[in-house]
Amino acid sequence: CMELTAVSATQFSVAQLTTILCDCFEDYLVPVTLSVEVFVQRFSAEGLSLLDSCVWLDGDVPAAMAVVARRGDEARLAAFAMRPAYRGKGVGRRLMGSLLDALREQGVRRMWLEVIRDNHAAVALYHSLGFEVRHGLCGYLSAQTASEESSVLQEYDVLALTRRAGAELNGQLPWLMDPLTFSTLPCRALSLHQQAFAVLATLSSRPQLQFLWVEPAARGRGLGREMLMALARQFPGLGTSVTIPERFTPLFQTAGYTPGVLKQYEMSATPRKRRRRSWKVKRMTARK
């Protein structure tokens, strides 16, 4: 039975972690290629915890990697992948089990993750570990072309919006849509009549819609739809990542956005103490 050594991600440089992650996603359902800069910006915004993240070595060769984000006593599996040679052998379940044990011992009371719906093996794996589906997630894309209309949108303070929306939402949205995410993300916030608000991530040259919020007193007046349409006119081809709960599909469709083909589940679990198995994963905190 193969024996892998778990090594804290703190023992690797960011450049090494980026390379290892891309290698572990080789031949994956959706290709993953990240630059070091994007790795840092993306996972830092999501709450990256290098102390909780892990690389598993087969000798000196990285075999698998887990990127873990942390917010207080909740954590999220931001990425988990294995090199092709280790897939389909039950290794993933063992590694995830050991990771959940370690997180529980570090005080994590709830774990979150996203998984591509068509990745049936991964969905089954997470179900077997006690994860349950909390949200169906979609991405959307506007087909709106450039408009000469003057913009009705105004710049707004990102941190002020984080505080306003965060207090009202109180963790009800998926991890990646929570205002805590864009508080550390390169982004800009826009408002419509100071009642509807949007956050656009500016990680790349093409902005991406990260967050949409209408203050409670102004809901039911179509401001969300108006905001989405105004954004599409000002930013032709604007889209989102696959992080929007499906219940918002009617809103996006009436505003002229098309759902993407790729869909995900957001799942969560409460890590519980498990009966130890004879198969062991060595844990290392320092590299020799």
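Conventions used here
Residues numbered from 1 in each chain as written. Predicted model: local features only at pLDDT ≥ 70, side-chain atom pairs only at ≥ 80, totals over all residues. Heavy atoms only, no water. Helix = DSSP H or I, 4+ residues; strand = E, 2+ residues; numbered from the N terminus. Rg over C-alpha atoms; globule rule 2.2 N^0.38 Å. Buried < 20%, exposed > 50% of the residue type's maximum accessible area, 1.4 Å probe, protein only. Contact = heavy atoms within 4.5 Å. Lys, Arg positive; Asp, Glu negative; His and termini not counted. Charge placed at Lys NZ, Arg CZ, Asp CG, Glu CD. Expected span 1.5 Å × (residues − 1). Salt bridge = Lys/Arg side-chain N within 4 Å of Asp/Glu carboxyl O. Axes fitted to C-alpha atoms, helices over the stretch in contact; angles between N-to-C directions. Parallel < 35°, antiparallel > 145°, perpendicular 65-115°, else oblique. Nonpolar A, V, L, I, M, F, W, Y, C, P; charged D, E, K, R; others polar. Core = buried A, V, L, I, M, F, W, Y, C linked by side-chain atoms within 4.5 Å. Phe/Tyr/Trp six-rings, centres within 6.5 Å; stacked < 30°, edge-to-face > 60°. Polar contact = N/O pair within 3.5 Å; in protein donor to acceptor, adjacent residues only side chain to side chain.

**Student:** Before we move on, can you summarise the overall build of the protein with the specific residues and values?
**Tutor:** Counting its regular elements, the protein contains 8 helices and 16 strands. For the protein, whose C-alpha radius of gyration is 20 Å, the value lies close to the compact-globule estimate of 19 Å for 288 residues. Expressed as a percentage of its 288 residues, the buried residues of the protein come to 48%. Nonlocal contacts in the protein, meaning residues at least 24 apart in sequence, comprise 71% of its contacts between residues at least 6 apart. Side chains of the protein give 35 positive and 26 negative charges; the mean places of these two sets differ by 8 Å.

**Student:** Describe in detail helix H3 (residues 91–105), supporting the description with residues and values.
**Tutor:** Helical periodicity: at 3.6 residues per turn, an α-helix aligns residues three or four positions apart in one direction. With 15 residues, H3 ought to run about 21 Å at 1.5 Å a step, and its terminal C-alpha atoms sit 21 Å apart, in line with that. Those residues of H3 lying buried are Val-91, Gly-92, Leu-95, Met-96, Gly-97, Leu-99, Leu-100, Asp-101, Ala-102 and Leu-103. Here the buried face of H3 lies against strand S2 (54–58), strand S3 (61–71), strand S4 (74–82), strand S5 (110–116) and helix H4 (120–128). One or two residues past the end of H3 sits Gly-107, with phi positive at roughly 95°.

**Student:** Which residues make up the pattern of salt bridges, and what values do they have?
**Tutor:** Summed over all chains, the structure comprises 12 salt bridges. Several salt bridges converge on common partners, so that one network encompasses Arg-42, Glu-46, Arg-76 and Glu-114.

**Student:** Please set out the packing of helix H1 (residues 14–24) against helix H2 (residues 36–45) residue by residue, giving values where relevant.
**Tutor:** At a minimum axis separation of 9 Å, H1 and H2 run at an interaxial angle of 90°. Classified by the interaxial angle, the pair formed by H1 and H2 is roughly perpendicular. Contact residues: H1 offers Val-14, Ala-15, Leu-17, Thr-18 and Leu-21, while H2 offers Val-36, Phe-39, Val-40 and Phe-43. Grouping the constituent residues of the contact of H1 with H2 by class yields 8 nonpolar, 1 polar and no charged.

**Student:** Give a description of the nonpolar core that names residues and reports values.
**Tutor:** If you look at the biggest cluster of nonpolar residues, it comprises 41 residues, and the most contacted ones within it are Leu-161, Phe-182, Leu-209, Phe-211, Met-227, Leu-231 and Tyr-257. For this core, the secondary structure elements donating two or more residues are helix H5 (158–169), strand S9 (187–192), strand S10 (196–201), strand S11 (208–214) and helix H7 (223–234). Discounting chain neighbours no more than four positions away, the residues touching Phe-211 are Leu-161, Ala-165, Leu-169, Leu-173, Met-177, Pro-179, Phe-182, Phe-197, Ala-198 and Val-199. With 31 residues, the next largest nonpolar core counts Leu-4, Trp-56, Phe-80 and Val-115 among its residues.

**Student:** If you had to explain the packing of aromatic side chains to someone new, which residues and values would you point to?
**Tutor:** Scanning all chains against the criterion turns up 9 aromatic pairs. Summarising the aromatic geometry, the rings of Tyr-140 and Phe-252 are spaced 4.3 Å apart at their centres and angled 10° between planes, so their arrangement reads as stacked. Residue Tyr-140 is located in strand S7 (residues 140–142), and its partner Phe-252 is located in helix H8 (residues 249–254); the two are separated by 112 residues in the primary sequence. Looking at Phe-252, the relative accessible area reads 3%, which means it is buried. Feature note: the residues Tyr-140, Phe-252 and Tyr-257 constitute an aromatic cluster, connected by ring pairs.

**Student:** So what's going on with the environment of Ser-268? Which residues, and what values?
**Tutor:** By the element assignment, Ser-268 lies in strand S15 (residues 264–269). Using a relative accessible area of 2% as the deciding quantity, one classes Ser-268 as buried. For the pair Ser-268 and Met-177, spaced 91 residues apart in the sequence, the C-alpha separation amounts to 15 Å. Contact partners of Ser-268, with chain neighbours within four places excluded, come to Arg-110, Met-111, Trp-112, Gly-130, Phe-131, Glu-132 and Arg-134. At 3.0 Å, the side chain of Ser-268 and the side chain of Arg-110 are in polar contact.

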